[in-house]
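Coordinates in review
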Amino acid sequence: MRVFTGISELRTPFKRFENAALAVQEGRVAWVGREDALPEPYRSRSKYDLGGRGVVPGLVDSHTHLVWAGDRLEEYAQRARGASYAEILAAGGGIHATTRATRAANEDELLALARKRARSFLKTGVTTLEVKSGYGLEPEHELKMLRVVRRLTEAEPQRFAPTLLAHVVPSGWNRDSYVEMWVRELIPEVARTGLANALDVFVDREAFTLAEAERLWQAALEHGLDIKAHAEQLTHTGAARLVAELGGLSADHLERATPPDWAALAKHGTVGTLLPGAALLLRQPFPGARAMWDAGVTVAVASDHNPGSSPFYNLWLALQLAVALGRLTLEEALQAGTAHAARALARPQLGRLEPGSAADFVVVDSPHALEPLYRWGETPVHAVYVAGKPALAESPP
Ligand SMILES: [Zn+2]
């Protein structure tokens, strides 16, 4: 057992305690509250004094494409000069460039690249990352990406949630045969081997139609996988409503979502995940975070880390944008990047500091727990704990 004291402010994230203490047993939170109310079995234990700093739950990044190879800096420069994504795609760039490089890389190479990125997130307090496949497209390369996620779990202190992503139909395939291959072979194989917990489908122009997505989701559900969607990003397709009606975990992007879509998400308890990086870099309308929240949607905010449309290595930046442009409060932004994001992964024991939840937390290098939302471009993190253990090499104690 470890008892942490000297916490000037702790956010659970739903409650706030001043002069708090946190007791951890077997990787879980045993008790949290004001230090002067610490019950006897914990009071007599030796304490780890956090020196008057703030504590928040470890952040949960519920939408990333962390595994990829290649380099898209030149494309980023072209877009900044005014090239459209369609022009870049037509010239063989965009997702095609990442697919070529990811297919060419072996598992060890992809793992080394992904580990470095996971470390960047860890240093800023992200203790759980969802990671999608979707750059392999051919089944053997999709499986290779998911095996890399499995190895990330062994190699890094964070938690990883693997998701199989149906991204686009690769060249050389007939659309119907490709969807059939997923339904008959890839989805059952991923479910059987446990390489992913969920199936995500990118529903949009140039990606999958709503009818194709429904076929894929039904197959996933039959095999016991959760489902989610890249929905209403570039065009409105109805994917958010359908994935909600099918009991999906989350509908992500939602730049083009409408009030009836929000109502469907709220009604079915499907998380609405906002990805400010992609919205800004692709110059899409910023999703209606405030209105969605007020309509009763459980709103999460994620980095959408990917080499093309969201080269984010820090989830706090996405949360800051959700405050500045989406008009969330600081308290709501923290919930969106912790407990709400954990719901989008069907891991409700993560992203919160309550008795029984996982003892994943960030010691903020400030007396104010919400200071990382205030400082742009620098994240004040003193230490990061996963399951009650220090996760950064330099973390005290
Ligand atoms: Zn994405």
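Calculation rules
Residues numbered from 1 in each chain as written. Predicted model: local features only at pLDDT ≥ 70, side-chain atom pairs only at ≥ 80, totals over all residues. Heavy atoms only, no water. Core = buried A, V, L, I, M, F, W, Y, C linked by side-chain atoms within 4.5 Å. Buried < 20%, exposed > 50% of the residue type's maximum accessible area, 1.4 Å probe, protein only. Helix = DSSP H or I, 4+ residues; strand = E, 2+ residues; numbered from the N terminus. Domains from an automatic or database assignment. Pairing = 2+ DSSP bridges. Axes fitted to C-alpha atoms, helices over the stretch in contact; angles between N-to-C directions. Contact = heavy atoms within 4.5 Å. Donors = N, O, S within 2.8 Å, 3.2 Å for Na, K, Ca; no water. Tetrahedral: all angles 85-135°; square planar, octahedral: opposite > 155°, others 65-115°. Buried area = accessible area lost by both parts, 1.4 Å probe. Salt bridge = Lys/Arg side-chain N within 4 Å of Asp/Glu carboxyl O. Polar contact = N/O pair within 3.5 Å; in protein donor to acceptor, adjacent residues only side chain to side chain. Nonpolar A, V, L, I, M, F, W, Y, C, P; charged D, E, K, R; others polar.

1. Notes on the nonpolar core
If you look at the biggest cluster of nonpolar residues, it comprises 95 residues, and the most contacted ones within it are Trp182, Leu216 and Trp217. For this core, the element with the highest residue contribution is helix H7 (residues 175-193), accounting for eight residues. Residue assignment places this core across two domains, with domain 1 (2-57 + 352-390) and domain 2 (59-344) each supplying three or more.

2. Concerning the sheet that holds strand S5 (residues 59-61)
Spatially, S5-S6-S7-S8-S9-S10-S11-S12 is the arrangement adopted by the eight strands of the open sheet, whose pairing is parallel. The open sheet has two edge strands, S5 and strand S12 (299-301), and neither has a second partner. Across this sheet, the average inter-strand angle for adjacent strands is 25°, counted without regard to direction. Bridge analysis of strand S11 (residues 271-274) against S12 gives three bridges, and the strand direction is parallel. The partner of Thr273 across the bridge, within S12, is Ala300. The sheet contacts of helix H5 (residues 107-123) involve S5, strand S6 (126-132) and strand S7 (159-166), and relative to S6 the element is tilted by about 145°. Sheet strands in contact with helix H8 (residues 210-222) are S7, strand S8 (198-202) and strand S9 (226-231), and its direction is about 180° off that of S8.

3. Overview of the coordination of the zinc ion
Only His63 (NE2), His65 (NE2), His230 (NE2) and Asp304 (OD) from the protein reach the zinc ion as donors, at distances of 2.1 to 2.7 Å. Coordination at the zinc ion is irregular: its four donor atoms span angles of 80 to 164° at the metal. The sequence pattern formed by the donor residues of the zinc ion is H-x1-H-x164-H-x73-D. You can see His63 sitting in the loop between S5 and helix H2 (73-80) and its partner His230 sitting in strand S9, a full 167 residues away along the chain. Of the two residues, His63 and His230, both sit in the buried class.

4. Details of the domain arrangement of the chain
Put simply, an interface is often sized by how much accessible area is lost when its parts join up. Each assigned domain of the chain is listed with its residue range as follows: domain 1 (2-57 + 352-390) and domain 2 (59-344). Each of domain 1 and domain 2 has a C-alpha centre, and these two points are 30 Å apart. Contacts between the two partners involve 21 residues from domain 1, matched on the other side by 24 residues from domain 2. Regarding the contact of domain 1 and domain 2, the summed buried area is about 1,900 Å², with carbon and sulfur atoms giving 70% of it. Three residues, Leu373, Trp376 and Val386, lead the burial of domain 1 against domain 2; their summed loss comes to 31% of the area buried on that side. Linking domain 1 with domain 2 are two salt bridges. Among the salt bridges present, the one from Asp360 reaches Arg159, with a minimum N-O distance of 2.6 Å. The interface formed by domain 1 and domain 2 includes six residue pairs in polar contact (both at pLDDT 80 or more). Among the elements of the structure, strand S4 (47-57), helix H16 (371-374) and strand S14 (381-386) are those that each provide at least two residues to the side of domain 1 that touches domain 2. The element best represented in the side of domain 1 that touches domain 2 is S14, accounting for four residues. When its residues are assigned to classes, the side of domain 1 that touches domain 2 shows 16 nonpolar, one polar and four charged.

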